[in-house]
Amino acid sequence: SQYYLKDNTKVRDGFLTITARQQIYDTRNYTSSRITTQNKQSFQYGRVDILAALPKCQCIWPALWMLGDNITAVSWPNCGEIDIMELVGGTKPGNSDRVVHGTLHWEINDDHAEYGNSNTLSGSDFSEEFHVFSIIWDDKNIRWYRDDILYSTVDISPNSLSAFHEKFFVIFNIAVGGNWPGYPDATTKFPQRMHVDYIRIFQEK
């Protein structure tokens, strides 16, 4: 439901902040922002650590993720997608401000395939303090961590997952609504913000 605006991203006091607002722009009732390293920086394999504090509320959908460099040539999902972190905000069935998801998307037999797992924070939600969301990605596996707690591993050695042996670029965004999180209701509060302290990518020389 959102329209992505450059003005909704700020770098200030050492943090990157993306803000989702209830704001009419063009034909949309909400604005947010999405930033990407496409055509600027991409990489193959390594460890990715992102320190972030997340937004919350029904329909709020922050994501720290990656797409294959070749998306313009082969389209999605054939290019591959690595979701380092997604949160589907709210308290409706399937939604939670205390759960993050790590997922792969790819193409197999001309169809969309996906696999993922989730991690639940005990006692609080992801808006209350910063957490480190990580993957470790090599030529055999992709592993997902939250604060160095391993919660998912995918074997990417089969030929059907060849997309995950190419270069990927990084995307940060907050979506408002969608098929997965549902749409804003009376409990949804704006503005909502995602604060990112750092993204660090470690690779062997």
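This text goes with the structure placed above it.
Residues numbered from 1 in each chain as written. Predicted model: local features only at pLDDT ≥ 70, side-chain atom pairs only at ≥ 80, totals over all residues. Heavy atoms only, no water.

Student: Please clarify how the pattern of salt bridges should be interpreted in this entry.
Tutor: Opposite charge on two side chains permits them to pair, given that their charged atoms come into close proximity. Scanning the model with the defined rule gives seven salt bridges in all. Note that Asp 49 is salt-bridged to Arg 47, the shortest N-O span being 2.8 Å. For Arg 143, the salt bridge goes to Asp 138, with nearest N and O atoms at 3.8 Å. Each of Arg 47, Asp 49 and Asp 148 takes part in a single network of salt bridges with overlapping partners. (Salt bridge = Lys/Arg side-chain N within 4 Å of Asp/Glu carboxyl O.)

Student: Even after reading the chapter, I still don't get the pairing of strand β15 (residues 168-176), so can you show me in this structure?
Tutor: Of all nine residues making up β15, nine are buried, and the element is well covered by its neighbours. Here β15 shows two buried faces, one formed by Phe 168, Val 170, Phe 172, Ile 174 and Val 176 and the other by Phe 169, Ile 171, Asn 173 and Ala 175. Where strand β5 (residues 34-36) lies against β15, three bridges are found, and the strand directions are antiparallel. The residue of β15 that forms the bridge with Arg 34 is Asn 173. As paired strands, strand β6 (residues 42-43) and β15 are joined by two bridges and run antiparallel to one another. Its bridge partner being in β15, Phe 43 is matched across the sheet by Phe 168. In this structure, strand β8 (residues 60-68) lies alongside β15, joined through nine bridges in antiparallel fashion. Bridge pairing links Met 66 to Val 170 in β15. (Buried < 20%, exposed > 50% of the residue type's maximum accessible area, 1.4 Å probe, protein only. Helix = DSSP H or I, 4+ residues; strand = E, 2+ residues; numbered from the N terminus. Pairing = 2+ DSSP bridges.)

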